[in-house]
Amino acid sequence: MGVACDSPNQLQTQAIGGGSPPAGKTTSDRRLEVVTMNINSWTSFRDRWRAEGEPAELSSTTLLYLQEHHLRHRDQCADATDFCMQRGWHAVFAPAAVQSSGRSSGGVAILARRRDDIGITNPGLDAGEHSHRLLGLRVHLGGLDPFIAVAVYLQAGVGLNA
């Protein structure tokens, strides 16, 4: 299963299936659909998902990138990962940074729909001081060469900064 937060050795090597098409599907039936969302708060996003069900725009989504979840601590990331797992998603959350003012900044996540033909692994990328704004995972999707999926939270007009 996918495991939360920022330590490279926490993400299981075989996070999800082995890359075979689901039963009754061929490689031509597979699609890779990526959605990115700036959610401004994991708590609000989670509560709405819990109350209203999975957002309709995610029904065919393979990978979901989230920015600005504002989760600061490992236990918060683990709770978010568990929530996603219960709803059919593997998830990896990079915690938000805590500013000198005490406010949180950023926080990114990648969610992968739990399917037999998709797997995610940690390629060991080091985002350094930008770990609250940048997260990359290796995606194994049956029939495609593995690739790196990257969730990035940039500030308009500024780009990638601490």
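A brief structural summary. (Residues numbered from 1 in each chain as written. Predicted model: local features only at pLDDT ≥ 70, side-chain atom pairs only at ≥ 80, totals over all residues. Heavy atoms only, no water.)

### Description of the environment of Arg-72
- If you trace the backbone, Arg-72 turns up in the loop between strand E2 (63-67) and helix H2 (74-86).
- For Arg-72, a relative accessible area of 31% puts it in the partly exposed group.
- Among residues more than four places away in sequence, those in contact with Arg-72 are Pro-95, Ala-96, Val-98, Gly-102, Arg-103 and Ser-104.
- A distance of 2.5 Å separates a polar atom in the side chain of Arg-72 from the backbone oxygen of Gly-102. (Helix = DSSP H or I, 4+ residues; strand = E, 2+ residues; numbered from the N terminus. Buried < 20%, exposed > 50% of the residue type's maximum accessible area, 1.4 Å probe, protein only. Contact = heavy atoms within 4.5 Å. Polar contact = N/O pair within 3.5 Å; in protein donor to acceptor, adjacent residues only side chain to side chain.)

### Describing the sheet that holds strand E6 (residues 108-113)
- One open sheet holds the 4 strands; their spatial order is E1-E2-E6-E3, and the pairing between them is mixed. With partners counted over all chains shown, the strands left at the sheet margins are strand E1 (34-38) and strand E3 (89-94), one partner each. The sheet shows a mean angle of 15° between the axes of neighbouring strands, direction not considered. (Pairing = 2+ DSSP bridges. Axes fitted to C-alpha atoms, helices over the stretch in contact; angles between N-to-C directions.)

### Some words on the sheet that holds strand E8 (residues 134-141)
- Strand order in this open sheet of 3 strands is E7-E8-E9, and the pairing throughout is antiparallel. The sheet terminates laterally at strand E7 (118-121) and strand E9 (147-152), the two strands that pair on one side only. Taking each pair of neighbouring strands and ignoring which way they run, the sheet shows an average axis angle of 35°.

### A word on helix H1 (residues 42-52)
- If you check which residues of H1 are buried, you get Trp-42, Phe-45 and Trp-49. In an axial view of H1, the angular spread of the buried residues amounts to 70°, which keeps them on one side of the axis. Away from its buried face, by an angle of more than 90 degrees, H1 presents the exposed residues Arg-48, Ala-51 and Glu-52.
- For H1, the elements touching its buried residues are E1, E2, H2, E3 and E6.
- At the N-terminal boundary of H1, the capping side chain belongs to Ser-41, with an oxygen 3.3 Å from the backbone nitrogen of Thr-43.
- Once H1 ends, the next one or two residues include Gly-53, with phi positive near 85°. (Arc of directions from axis to C-beta.)

### Details of the pattern of salt bridges
- Across all of its chains, the model carries 5 salt bridges by this definition.
- Between Arg-115 and Asp-117 there is a salt bridge whose closest N-O contact spans 2.8 Å.
- Taking relative accessible area as the criterion, Asp-117 reaches 0% and is therefore assigned buried.
- Sharing partners across several salt bridges, the network here consists of Arg-46, Asp-47 and Arg-50. (Salt bridge = Lys/Arg side-chain N within 4 Å of Asp/Glu carboxyl O.)

### Observations concerning the environment of Tyr-65
- Mapping Tyr-65 onto the fold places it in strand E2.
- A residue is classified by how much of its surface remains accessible, and Tyr-65, at 12% relative accessible area, is buried.
- For the pair Tyr-65 and Leu-111, spaced 46 residues apart in the sequence, the C-alpha separation amounts to 6.4 Å.
- Excluding its chain neighbours within four sequence positions, the residues that come into contact with Tyr-65 are Val-34, Val-35, Thr-36, Met-37, Ala-109, Ile-110, Ala-149, Val-150 and Ala-151.

### Things to note about unusual backbone geometry
- Positive phi outside glycine occurs at Glu-68, with the angle close to 60°.
- Looking at the element boundaries, Glu-68 is found in the loop between E2 and H2.
- Positive phi outside glycine occurs at His-70, with the angle close to 65°.
- Inspection of the secondary structure assignment puts His-70 in the loop between E2 and H2.

Without other data, these values stay purely geometric and don't point to any function.
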